[in-house]
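Each chain is listed here by its residues.
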Amino acid sequence: MTTINLSALDELDDLLDSWLDDLTCTAQEAARPFTSAAYCSRDSHTTSTWFRHIVQVREPKADRRTLSILWYRMRWIVYPDGNKRYRAAYIKRGKGYRYSARVFSPVDEQESQLIETREDVFEVLRMQVEAIGKIRRKLNALRRMIENLREKSEYGQPDSWL
């Protein structure tokens, strides 16, 4: 009887985690120049020159092993008591791997250029994250199939092909 070793699947899973960690570092490095410029724009005394957008790189967690790169539109909210706060609202990406340039308008030239150069990098990263997700789903399906075959062999069904 040939046995299938699940440790090989675990090794592949570990390689995918390592790949995702590398993508996370790349995304954070790509986001850093935009984030720095956005916070520097807030040093000006007039709020009209502040960047209107901010990017967030959500890191993988133990229960959610995926990377998210999200954009937010920043705007002033005036509360009934007269207080003003600068708040973020999530921008939907739409279909594909890239945010459309029109969802960021109106912005000044510097912010627009930084967004476009960041999106060039993020688009490739999102494609790779999707590929990792597809590979993980196939690995999990294979793992379940192997476990089901092992259960069948325990109940007296032929296992010569395991």
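Please refer to the structure placed before this passage.
Conventions and cut-offs
Residues numbered from 1 in each chain as written. Predicted model: local features only at pLDDT ≥ 70, side-chain atom pairs only at ≥ 80, totals over all residues. Heavy atoms only, no water. Helix = DSSP H or I, 4+ residues; strand = E, 2+ residues; numbered from the N terminus. Rg over C-alpha atoms; globule rule 2.2 N^0.38 Å. Contact = heavy atoms within 4.5 Å. Buried < 20%, exposed > 50% of the residue type's maximum accessible area, 1.4 Å probe, protein only. Polar contact = N/O pair within 3.5 Å; in protein donor to acceptor, adjacent residues only side chain to side chain. Expected span 1.5 Å × (residues − 1). Bend = angle between axes of the 7 residues up to and from the residue. Core = buried A, V, L, I, M, F, W, Y, C linked by side-chain atoms within 4.5 Å. Phe/Tyr/Trp six-rings, centres within 6.5 Å; stacked < 30°, edge-to-face > 60°.

*Asks:* What is the right way to read the overall build of the protein from this model?
*Replies:* Assigned secondary structure in the protein consists of 2 helices and 3 strands. For the protein, the N- to C-terminal ordering of α and β elements is α-β-β-β-α. Against the compact-globule benchmark of 15 Å for 162 residues, the protein has a radius of gyration of 23 Å, which places it well outside the compact range. By its C-alpha atoms, the protein is 75 × 35 × 25 Å across when sized along the principal axes. Of all intrachain contacts in the protein linking residues separated by at least 6 positions in sequence, the fraction that spans at least 24 positions is 55%.

*Asks:* Honestly, the side chain of R143 in this entry has me stumped. Any pointers?
*Replies:* When you line up the elements, R143 lands in helix α2 (residues 109–154). The class for R143 is buried, based on a relative accessible area of 15%. Side-chain polar atoms of R143 contact the side chain of N140, separated by 3.2 Å. Sequence-distant contacts of R143, defined by excluding residues within four places in its chain, comprise L6, L9 and D10.

*Asks:* Can you help me understand helix α1 (residues 7–41) in this one?
*Replies:* A turn of α-helix holds 3.6 residues, and therefore any two residues three or four places apart point the same way. The end-to-end C-alpha distance of α1, which contains 35 residues, comes to 51 Å, matching closely the 51 Å that a straight helix rising 1.5 Å per residue would cover. Where α1 bends most, at R32, the angle is about 35 degrees, and the proline P33 comes one to four residues later.

*Asks:* Help me out: how do you make sense of the nonpolar core in this one?
*Replies:* Considering soluble globular proteins, one finds that nonpolar side chains tend to be buried as a cluster. Among the nonpolar cores identified, the biggest contains 35 residues, and F34, L67, W71 and F122 are the most heavily contacted of them. Elements supplying a minimum of two residues to this core: α1, β1 (53–58), β2 (68–78) and α2. Element by element, the count of residues in this core is highest for α1, at 10 residues.

*Asks:* I'm lost on the packing of aromatic side chains in this one. Help?
*Replies:* Each aromatic ring pair is characterised by the separation of its centres together with the angle its planes make. In total, this model carries 9 aromatic pairs according to the counting rule given. Geometrically, the ring pair formed by W50 and Y86 is edge-to-face, given 5.0 Å between the ring centres and 85 degrees between the ring planes. Taken together, the residues span a long stretch of sequence, with W50 in the loop between α1 and β1 and Y86 in strand β3 (residues 84–90) at a distance of 36 residues. Considered together, W50 and Y86 belong to a single accessibility category, that of buried residues. Measuring from ring centre to ring centre gives 5.0 Å for W76 and Y86, while their planes differ by 45 degrees; the resulting arrangement is tilted.

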